[in-house]
Amino acid sequence: MNIQRLSVHPRYSQCVVSGEQIETSGIVAHDLSQGIGAQTRDVLQQLDALLALANVDKTRLTRVQVWLADMSDFAAMNEVYDAWVDTAHPPARACVGAALADSRYRLEIQANAVL
Amino acid sequence: MNIQRLSVHPRYSQCVVSGEQIETSGIVAHDLSQGIGAQTRDVLQQLDALLALANVDKTRLTRVQVWLADMSDFAAMNEVYDAWVDTAHPPARACVGAALADSRYRLEIQANAVL
Amino acid sequence: MNIQRLSVHPRYSQCVVSGEQIETSGIVAHDLSQGIGAQTRDVLQQLDALLALANVDKTRLTRVQVWLADMSDFAAMNEVYDAWVDTAHPPARACVGAALADSRYRLEIQANAVL
């Protein structure tokens, strides 16, 4: 099976396409001074860009994993997520709380999609 | 690749079948007054039902992720899980602790399977 | 689709090959007296061995999930991880903190790869 690695760093690829399967790394916000709403928008924009690199869009998502630094951000994250997700083609999703690599990260999102 | 979404909510699909791959959302118990044993049974029954929707059963599971609100529930969750899992066809599994979206949730389970 | 289960325990398979997809269970260290560096080496050696069982190697990894018991171990885990990962073929990766099943576990790693 052919593997294509996109946006490759020494430690990880931001996106890996193997056959028709697409997997992203955990995505965190660029601007860490922002709160949950802006960080969620930032992460979802990065996800859209990664999917575009793989020549697909959010209608091809199969599963999304959301980690929140603080589960009390659940409603505020969902407000942005719900406005972003394609409600006719929503992926499977799980959202749990977790300590993240930088204390300023409010959330991290990892996604699976198909070509 | 064809994508079929099952039990679709605006925010998420409970089950997504892409090609021959099946992914579920994180599943939580319906009756939140119950303890870990009953919530585990509840979640595994829902998983069986989702797999049936996709025309497969637990012998086709490839991976299961379990999140526990409290890792001290590990043994009690496993007692129910071990009685449920097909010991001739067990999926890969990981189980870690995590804050869950409602403080009454004792566990959440997400699964991957194949047709 | 054919499913092959490798290193099968009653509760879980350490590795599941379905079609051309490979999924491992969460892997933890054997020697729990060790710190984060040695536990990371131990887990990555076990991952290499599981991949070999499936007749592949780390160049075929598509995604790796790392859970740390304590996110302050992030830099020490990465030091070992960075020396191990094939920088020309790095998988997608996510790393978050989580309570693990035994308080002596410093990390747990789950991986996806393809044939």
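Residues numbered from 1 in each chain as written. Chains lettered and ligands numbered in written order. Predicted model: local features only at pLDDT ≥ 70, side-chain atom pairs only at ≥ 80, totals over all residues.

**Description of unusual backbone geometry**
Phase 1 of the analysis: The phi dihedral of asparagine 55 of chain A is positive, around 65°, even though this residue is not glycine.
Phase 2 of the analysis: Its 10 C-beta neighbours within 10 Å are what place asparagine 55 of chain A among the exposed residues. (Buried ≥ 20, exposed ≤ 12 C-beta atoms within 10 Å, placed from the backbone.)

**Quick look at the confidence of the model for chain A**
Phase 1 of the analysis: Confidence in the prediction for chain A averages 98 pLDDT; 100% of positions are at 70 or higher.
Phase 2 of the analysis: We note a pTM of 0.98 for the whole complex and an ipTM of 0.97 for its interfaces. (pLDDT = per-residue confidence, 0-100.)

**Side note on the relation of the copies chain B and chain A**
Phase 1 of the analysis: You can overlay chain B on chain A at an RMSD of 0.0 Å; the transform is a turn of 120° with a shift of 0.0 Å along its axis. Within this description, the copies of the chain are treated as partners about a three-fold rotation axis. Of every C-alpha in chain B, the one belonging to alanine 98 of chain B sits nearest the axis of rotation, 3.5 Å from it.
Phase 2 of the analysis: Mapped onto chain A, only 4% of the interface residues of chain B again fall at the interface, so the copies present different surfaces. (Least-squares fit on C-alpha atoms with pLDDT ≥ 70 in both. Contact = placed C-beta atoms within 7 Å.)

**A look at the interface of chain A and chain C**
Phase 1 of the analysis: Taken together, the contacts link 25 residues of chain A with 21 residues of chain C.
Phase 2 of the analysis: Listed by contribution, the elements that provide at least two residues to the side of chain A that touches chain C are β1 (3-8), β2 (13-18), β3 (21-24) and β6 (107-114) of chain A.
Phase 3 of the analysis: Broken down by element, the residue count for the side of chain A that touches chain C peaks at five residues, all from β2 of chain A. (Helix = DSSP H or I, 4+ residues; strand = E, 2+ residues; numbered from the N terminus.)

**Some points on the interface of chain B and chain A**
Phase 1 of the analysis: On the chain A side, the residues contacting the 25 residues of chain B number 21 residues.
Phase 2 of the analysis: Mapped by element, the contributors of at least two residues to the side of chain B that touches chain A are β1 (3-8), β2 (13-18), β3 (21-24) and β6 (107-114) of chain B.
Phase 3 of the analysis: Ranked by the residues each element gives to the side of chain B that touches chain A, the list is headed by β2 of chain B, at five residues.
Phase 4 of the analysis: A breakdown of the residues in the side of chain B that touches chain A according to their chemical character gives 12 nonpolar, nine polar and four charged. (Nonpolar A, V, L, I, M, F, W, Y, C, P; charged D, E, K, R; others polar.)

**Considerations on the sheet that holds strand β4 (residues 61-68) of chain A**
Residue and element names in this part refer to chain A.
Phase 1 of the analysis: Across the sheet, which stays open at both edges, the six strands sit in the order β1-β2-β3-β6-β4-β5 with mixed pairing between neighbours. The sheet is open, and its two edges are formed by β1 and β5 (92-97), each paired on a single side. Along the sheet, successive strands turn relative to each other by an average axial angle of 10°, direction set aside.
Phase 2 of the analysis: Both β2 and β3 contribute to a ladder of four bridges, which runs antiparallel. Bridged to valine 16 within β3 is glutamate 23.
Phase 3 of the analysis: Strands β1, β2, β3 and β6 of the sheet are contacted by helix α1 (residues 36-53), whose axis makes an angle of about 25° with β6. (Pairing = 2+ DSSP bridges. Axes fitted to C-alpha atoms, helices over the stretch in contact; angles between N-to-C directions.)

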